[in-house]
Amino acid sequence: MRYFEYFEPKSVGEACQFLNEHEEAKILGGGVSLVVLLKNGLITPSHLVNIKTIPGLARIEWDDREGLTIGGLNHHRDILLSPLIQRHCPILAEAASKIATPPIRNLGTIGGNVAHAEPSADFPPALIALNASLMLTSPGRERKVPIEEFFTDYYENILGQGEILTRIDVPPLPPRSAGTYIKLDKITNSIAIVGVASVIGFDEKGICIYAGVGLGGVASTPLNVKGAKDILVGEKITETHIDKIAKEAQAMANPITNVHASAEYRKEMVYVLTRRALQGSLDKALGR
Amino acid sequence: MVKQEIQLDVNGKSYSISVFPQETLLEVLRENLGLIGTKEGCSEGECGVCTVLLDGLPVRSCLLLAVDVRGGKITTIEGLSEKGVLHPIQKAFIEHGAIQCGFCTPGMILSAKALLDGNPFPSEEEIRIGLSGNLCRCTGYIKIFKAVQGAAL
Ligand SMILES: Cc1cc2nc3c(=O)[nH]c(=O)nc-3n(C[C@H](O)[C@H](O)[C@H](O)COP(=O)(O)OP(=O)(O)OC[C@H]3O[C@@H](n4cnc5c(N)ncnc54)[C@H](O)[C@@H]3O)c2cc1C
Ligand code: FES
Ligand code: FES
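Small disclaimer: the values here were computed from a predicted structure and weren't measured.

Cut-off values and rules
Residues numbered from 1 in each chain as written. Chains lettered and ligands numbered in written order. Predicted model: local features only at pLDDT ≥ 70, side-chain atom pairs only at ≥ 80, totals over all residues. Heavy atoms only, no water. Near = heavy atom within 4 Å. Polar contact = N/O pair within 3.5 Å; in protein donor to acceptor, adjacent residues only side chain to side chain. Areas by Shrake-Rupley, 256 points an atom, 1.4 Å probe, with all protein chains shown as cover. Helix = DSSP H or I, 4+ residues; strand = E, 2+ residues; numbered from the N terminus. Nonpolar A, V, L, I, M, F, W, Y, C, P; charged D, E, K, R; others polar. Patch = residues over 30% accessible without salt bridge, like charges linked within 9 Å, V, L, I, M, F, W, Y side chains within 5 Å. Salt bridge = Lys/Arg side-chain N within 4 Å of Asp/Glu carboxyl O. Buried < 20%, exposed > 50% of the residue type's maximum accessible area, 1.4 Å probe, protein only. Contact = heavy atoms within 4.5 Å. Lys, Arg positive; Asp, Glu negative; His and termini not counted. Buried area = accessible area lost by both parts, 1.4 Å probe.

K.L.:
Can you help me understand the site of ligand 1 in this one?
P.N.:
Among the 32 residues in the neighbourhood of ligand 1, the closest are listed as I27, G31, L34, T109 and D122 of chain A. Near ligand 1, residues from chains A and B are present, making the site a shared one. In the environment of ligand 1, an oxygen atom lies 2.7 Å from a nitrogen or oxygen atom belonging to the backbone of G30 of chain A. Contact distances for ligand 1 include 2.7 Å between an oxygen atom and a backbone N or O atom of L34 of chain A. Contact with the protein chains hides 91% of the accessible area of ligand 1, taken as 970 Å² for the molecule alone. Looking at the shell around ligand 1, the elements with two or more residues in it are β2 (25-28), α2 (32-39), α7 (110-115) and β10 (164-170) of chain A. Partitioning the shell around ligand 1 into residue classes produces 14 nonpolar, 12 polar and six charged.

Right under this line is the structure:
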């Protein structure tokens with residue numbers, strides 16, 4: 001690894017300011033992805049700014065009106081074990097359980113997982129299906145952006161130098177709702193070939209009042225299948241609806257061929273898995 | 001290049017050492033402290049032979065910068081036996097023939113320790129998940145699972 005200097009900020013303000021003043025400085029979250037990049041010489045920062053020394057960036061809270069708040073520094077393990085997440089957004093625990101292995105989940109953070117902008121990462125599809133927003137904090141400024149606007153390309157995002165992903169907000173779901181995350185991988189919990197998350201919510205009459213579908217591994221960024229909402233909300237869901245959304249997901253997918261799978265295979269599987277994910281959420285929400 | 005003074009608590013002993021910010025905990029354990037029970041394999045988080053416990057939880061020492069340990073308590077395989085008496089998990093590994101070349105064993109035993117500390121009677125499924133971060137190229141895993149079950153009894 002190339003030499004870099006190391007800085008421990010005491011507050012978000014101090015961290016942002018330091019990052020602003022040092023153009024080549026990088027944020028250190030859990031370090032799990034960053035250290036691999038450093039070892040391979042893919043990045044050569046002047047400084048690492050360890051945001052884990054800032055108090056208050058790891059917390060999981062619930063508010064009946066605002067929904068769920070997750071700190072940028074909560075570890076994958078926290079997400080997996082949190083009773084609040086189990087109760088209100090179990091799909092996030094499901095996604096966490098499919099990320100790598102315990103020693104990685106104990107170090108990696110959800111903020112780092114999102115900020116790394118790896119198109120196959122497991123949290124982003126689930127967060128998209130949940131209609132989550134990200135709080136991006138810089139000196140004197142906070143902006144809240146819908147998660148799907150965050151990603152711009154392979155490993156690229158809209159974060160400016162000096163901006164930190166401090167928080168993830170997930171609005172409350174209808175009481176009768178359920179989510180499913182399906183990860184297609186060659187070896188259990190290895191990188192996703194395709195990841196599909198679906199969340200559906202119903203009113204008492206069984207009419208759909210919430211729908212979200214997120215995809216990973218099938219384009220340069222995670223994708224939001226926006227049509228899911230238009231097709232499902234206000235409807236009693238049938239096989240035809242599910243097929244229509246799966247076709248739309250397939251049409252949006254623009255995958256590449258790499259050592260893990262061919263583009264054709266991914267494109268085929270995104271259709272199959274979107275159907276399964278929707279059916280899974282439907283069955284769970286309706287108690288079938 | 002500036003070295004930094006850090007305090008490391010390893011196996012209940014406190015060490016004061018100077019390290020470069022880019023040194024991993026794995027490098028410091030092996031090179032500075034001579035604790036070579038922690039192994040280096042892939043160096044990219046995949047294989048698990050570098051696994052140590054940080055405040056009781058398994059982590060990859062190849063991906064953790066030494067400066068980032070910041071007061072956490074590290075347990076390596078050297079910290080398990082007491083006064084020359086092997087830890088029950090170590091004994092179980094020997095009794096069940098769960099060791100062949102031994103390269104994966106330190107990490108495997110530490111993952112097993114973290115698992116059993118949190119869940120004294122794990123099911124086989126829970127053992128498989130608990131040890132999923134540790135690859136073994138020799139044993140075929142079955143004897144390792146048996147050893148962990150044996151240690152739990
Ligand atoms: C062996 C291995 C297997 C893996 N398997 C999976 C898997 O199956 N599924 C999966 O989804 N992921 C997987 N990952 C990635 C893993 O989830 C990482 O934890 C995650 O991508 C990065 O989180 P981190 O906290 O370690 O971030 P870091 O490595 O510290 O940082 C990653 C990037 O994000 C930036 N960053 C970090 N935190 C913030 C923040 N709060 N605000 C702004 N920028 C920030 C950093 O500057 C850096 O550019 C794997 C990684 C490894 C090494
Ligand atoms: S050497 Fe750390 S996981 Fe392989
Ligand atoms: S005993 Fe040889 S790798 Fe496990």
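K.L.:
Just to check I follow, could you spell out a nonpolar patch on the surface for this structure?
P.N.:
All names here are of chain A. A contiguous nonpolar patch, built from Y154, Y155 and I256 and spanning about 280 Å² of accessible area, is present on the exposed surface. In this fold, Y154 is placed in the loop between β8 (151-153) and β9 (156-157). The exposure class of Y154 is partly exposed, given its relative accessible area of 33%.

K.L.:
Is there a simple way to explain helix α1 (residues 25-32) of chain B in this structure?
P.N.:
Quick reminder: α-helices carry 3.6 residues per turn. Residues three or four places apart thus point the same way. Residue and element names in this part refer to chain B. Within the span of α1, buried status applies to L25, L26, V28 and L29. On the buried face of α1, the contacting elements are β1 (4-10), β2 (13-19), β3 (51-54) and β5 (73-75). Of the residues trailing α1, G34 is marked for its positive phi of about 70 degrees.

K.L.:
It is not clear to me how the side chain of D185 of chain A should be interpreted in this structure. Could you clarify?
P.N.:
Residues and elements named next belong to chain A. In this fold, D185 is placed in the loop between β11 (176-184) and β12 (194-202). Nearest to the buried, unbridged D185 among oppositely charged side chains is K183, at 4.3 Å. Once residues lying within four places of it in the same chain are set aside, the contact partners of D185 are S190, I191 and I193.

K.L.:
Explain the interface of chain B and chain A here, please?
P.N.:
One frequently used descriptor of interface size is the decrease in accessible area upon assembly of the parts. Between chain B and chain A, the contact holds 25 residues from the first and 27 residues from the second. When chain B packs against chain A, the two sides together hide about 2,100 Å² of surface, and 66% of this comes from carbon and sulfur. The three residues of chain B that bury the most area against chain A are Q22, L63 and R70 of chain B, which together make up 27% of that side's buried surface. Across the contact surface, chain B and chain A share one salt bridge. D68 of chain B is paired through a salt bridge with K52 of chain A; the nearest N and O atoms lie 2.8 Å apart.

K.L.:
Whenever I open this one, unusual backbone geometry confuses me. Can you help?
P.N.:
Residues other than glycine predominantly adopt negative phi, and peptide bonds predominantly adopt the trans conformation. Residues and elements named next belong to chain B. Unlike most non-glycine residues, N11 shows phi in positive territory, near 50 degrees. If you check the backbone angles, S43 has positive phi at about 65 degrees while not being a glycine. As for its placement among the helices and strands, S43 is situated in the loop between α1 and β3.

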